[in-house]
Amino acid sequence: MEDIFGKLYEMTAFSNIIADPQFLIMYAIAFILLYLGIKKRYEPLLLVPIAFGVLLANFPGGEMGVTQADENGMIMINGTLQNIWDMSLPEIAHQLGIMNFLYYLLIKTGFLPPIIFMGVGALTDFGPMLRNLRLSIFGAAAQLGIFTVLIVAILMGFTPQEAASLGIIGGADGPTAIFTTIKLAPHLLGPIAIAAYSYMALVPVIIPLVVNLLCTKKELSINMKEQEKLYPSKLEIKNIRVLKIVFPIVVTTVVAIFVPSAVPLIGMLMFGNLIKEIGSDTSRLFDAASNSIMNTATIFLGLSVGATMTTDAFLNWTTIGIVVGGFLAFALSISGGIFFVKVVNLFSKKKINPLIGATGLSAVPMASRVANEIALKYDQKNHVLQYCMASNISGVIGSAVAAGVLISFLS
């Protein structure tokens, strides 16, 4: 009878969890992320799959965690070192499990981030940015956090590749952070992806925090529509539809010439937007890119990234540095946009609300919605959403280009 109970006990995960209580920390992290995604509704489409992936990866014996290969592609399987890239996909699935199959097929190859960017492009309207081109420059200013944290991380002992992957969190764009990390520091993919998406989900908390520290009530009360009436723009767009079709083609061409390594992200972003703007002739492509393909890619990306979050990969000082550095990058990106608005306002009669600079990072459209809510607290008639979207959308392009530059220099 004791043997039966002993075998039943060994069959469960209790013995492993008792022997290694670190699993409990990972469960707590998974539950917190699930709470943020389900209860708080912070980026649920990504945070829920990632959190569930973390949960699955940390059940001992479930074989759902991702086993990271070293820089040379070598991985320990049944006590023997093997090159993961010499193995067929069925071998990976059989010997390492379904999550490793998905990870090495879809994530490690860099396949999913550009696919998600295609869906993002299909869901994005560049109209607000094209109508307010002068505001798009704040999307560039908001990349300050990326390069500041990169320098700080190098000084703290991270390699340039690791520092770049850490700094890119400041772009507030999950797929860009994942794509950059895959290229430069794949061993840090789990914690960087978790940090990037967690901070994206916490945009409603972080933006108000930084804005309240750096902006006055007078600045936050600047009414953009009143400024437009006082100082109307001399630039008039006669055919916005043609411009919206030409724009993705031109941007892709220019980026491909100057920053070729950014083409996988920018090119797919612009392609998705192009099939949206063409209209009925490409409506079926638009529907696929923005719905079925996007949703499928999001599920696999979230689960696979979450599955990299094993105790060995996450519970170490490097991960703590990533979490702290990621927050710093995020906050500095918001601050960079705000300070640039303040500088512009010193030399311009036509004032700009600093909230527009605060949304120069990505996280579209949540950052713009949060900024608009802040503006309405100070003036119920001060709707800044369309102006914030101008810098917000340009931030998506800016962070992808920044990632391309870092990959070019450091890979």
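All values reported here derive from a predicted model rather than from experimental measurement.

Reading the values: the criteria
- Residues numbered from 1 in each chain as written.
- Predicted model: local features only at pLDDT ≥ 70, side-chain atom pairs only at ≥ 80, totals over all residues.
- Heavy atoms only, no water.
- Helix = DSSP H or I, 4+ residues; strand = E, 2+ residues; numbered from the N terminus.
- Contact = heavy atoms within 4.5 Å.
- Phe/Tyr/Trp six-rings, centres within 6.5 Å; stacked < 30°, edge-to-face > 60°.
- Buried < 20%, exposed > 50% of the residue type's maximum accessible area, 1.4 Å probe, protein only.
- pLDDT = per-residue confidence, 0-100.
- Core = buried A, V, L, I, M, F, W, Y, C linked by side-chain atoms within 4.5 Å.
- Salt bridge = Lys/Arg side-chain N within 4 Å of Asp/Glu carboxyl O.
- Expected span 1.5 Å × (residues − 1).
- Bend = angle between axes of the 7 residues up to and from the residue.
- Axes fitted to C-alpha atoms, helices over the stretch in contact; angles between N-to-C directions.
- Parallel < 35°, antiparallel > 145°, perpendicular 65-115°, else oblique.
- Left-handed = near helix turned anticlockwise from the far one by under 90°.
- Nonpolar A, V, L, I, M, F, W, Y, C, P; charged D, E, K, R; others polar.
- Patch = residues over 30% accessible without salt bridge, like charges linked within 9 Å, V, L, I, M, F, W, Y side chains within 5 Å.
- Areas by Shrake-Rupley, 256 points an atom, 1.4 Å probe, with all protein chains shown as cover.
- Pairing = 2+ DSSP bridges.
- Disulfide = S-S within 2.5 Å.

1. Comments concerning the side chain of Lys108
Next, step 1: Among the structural elements, Lys108 can be located in the loop between helix H6 (98–107) and helix H7 (112–122).
Next, step 2: If we skip the residues at most four places from it in the chain, Lys108 touches Gln68, Trp85, Tyr103, Ile182 and Pro186.

2. Comments concerning the packing of aromatic side chains
Next, step 1: By the definition in use, this model includes seven aromatic pairs.
Next, step 2: Seen from their ring centres, Tyr199 and Phe330 are 6.2 Å apart, and the 50 degrees between their planes marks the pair as tilted. With a gap of 131 residues between them, Tyr199 in helix H13 (residues 189–201) and Phe330 in helix H21 (residues 317–346) connect regions that are remote in the sequence.
Next, step 3: Residue Tyr199 is classed as buried on the basis of its relative accessible area, which comes to 10%.
Next, step 4: Overall, Phe330 belongs to the buried group, its relative accessible area being 0%.
Next, step 5: Each residue in the set Trp85, Tyr103 and Tyr104 is aromatic and connected to the rest through ring pairs, giving one cluster.

3. Section: the confidence of the model for the protein
Next, step 1: For the protein, per-residue confidence averages 87 on the pLDDT scale, and 95% of positions sit at 70 or higher.
Next, step 2: Mean pLDDT across the elements of the protein bottoms out in helix H1 (residues 2–11) (62) and peaks in helix H18 (residues 263–278) (95).

4. Re the nonpolar core
Next, step 1: Of all hydrophobic cores here, the largest spans 75 residues; its most connected members are Phe126 and Ile334.
Next, step 2: Counting residues per element, this core draws most heavily on helix H24 (residues 385–410), at 12 residues.
Next, step 3: Setting aside residues up to four positions removed in sequence, Ile334 forms contacts with Ile206, Ile207, Val210, Gly357, Ala358 and Leu361.
Next, step 4: Counting residues in each nonpolar core, the second largest holds 50 residues, with Leu33, Val54, Ile116 and Val305 among its members.

5. As for the pattern of salt bridges
Next, step 1: Following the criterion strictly, the structure yields five salt bridges and no others.
Next, step 2: Measuring nitrogen to oxygen at the nearest pair gives 3.2 Å for the salt bridge that ties Glu228 to Lys350. You can see Glu228 sitting in helix H16 (residues 224–230) and its partner Lys350 sitting in the loop between H21 and helix H22 (354–358), a full 122 residues away along the chain. By the burial criterion, Glu228 is buried, and Lys350 matches it.
Next, step 3: Taking the shortest distance from any N to any O, the salt bridge between Glu277 and Lys244 comes out at 3.9 Å.

6. Section: helix H19 (residues 283–307)
Next, step 1: With 25 residues, H19 should reach 36 Å at 1.5 Å per residue; the first-to-last C-alpha distance of 35 Å fits that figure.
Next, step 2: Where H19 bends most, the angle comes to about 40 degrees, and this point is Met294.
Next, step 3: Those residues of H19 that sit buried are Ala289, Ser290, Met294, Ala297, Thr298, Leu301, Gly302, Leu303, Ser304, Val305, Gly306 and Ala307.
Next, step 4: Lining the buried residues of H19 we find helix H4 (44–57), H6, H7, helix H12 (174–184), H13 and H18.

7. Observations concerning the environment of His383
Next, step 1: Here His383 lies in the loop between helix H23 (366–378) and H24.
Next, step 2: In this structure, the C-alpha to C-alpha distance between His383 and Glu373, residues 10 residues apart in sequence, is 8.4 Å.
Next, step 3: Not counting residues within four places of it along the chain, the set of residues in contact with His383 comprises Lys225, Asn372 and Leu376.

8. Some thoughts on the packing of helix H3 (residues 22–38) against H4
When two helices pack together, you describe them by how their axes are tilted relative to each other and by the distance separating the axes.
Next, step 1: It is the contact of H3 with H4, at a shortest axis distance of 8 Å, that shows an interaxial angle of 160 degrees. With respect to H4, the axis of H3 lies roughly antiparallel. With respect to the hand of their crossing, H3 and H4 are arranged in left-handed fashion. For the pair formed by H3 and H4, the contact residues are Met26, Tyr27, Ala30, Phe31, Leu33, Leu34, Leu36, Gly37 and Ile38 on the first element and Pro44, Leu47, Val48, Ala51, Phe52, Val54 and Leu55 on the second.
Next, step 2: Counted by class, the contact of H3 with H4 contains 15 nonpolar, one polar and no charged residues.

9. Focus on the packing of H18 against H24
Next, step 1: For the pair H18 and H24, the least separation of the axes is 8 Å and the interaxial angle reads 150 degrees. In terms of orientation, H18 and H24 fall into the roughly antiparallel class. Seen from H18, the contacting residues are Leu265, Ile266, Leu269 and Met270; seen from H24, they are Val396, Ile397, Ala400 and Val401.
Next, step 2: In terms of residue class, the contact of H18 with H24 is made up of eight nonpolar, no polar and no charged.

10. A look at a nonpolar patch on the surface
Next, step 1: Taken together, the side chains of Val242, Val246, Val250, Val254, Ile257 and Phe258 define a hydrophobic patch exposed on the protein surface, amounting to about 570 Å² of accessible area.
Next, step 2: For Val246, a relative accessible area of 38% corresponds to the partly exposed category.

11. Focus on the pairing of strand E2 (residues 80–83)
Next, step 1: The sheet contact formed by strand E1 (residues 74–77) and E2 spans four bridges and is antiparallel. Paired with Met74 across the bridge in E2 is Asn83.
Next, step 2: Hairpin connection between E1 and E2: a loop of two residues separates the two successive antiparallel strands, and Asn78 in this loop has a positive phi of roughly 55 degrees.

12. Some words on the state of the cysteines
Next, step 1: Tallied over the entire structure, the rule returns zero disulfides.
Next, step 2: Left unpaired, Cys215 is separated from the closest cysteine sulfur, that of Cys388, by 11 Å.
Next, step 3: Cys215 sits in the buried class, given a relative accessible area of 10%.

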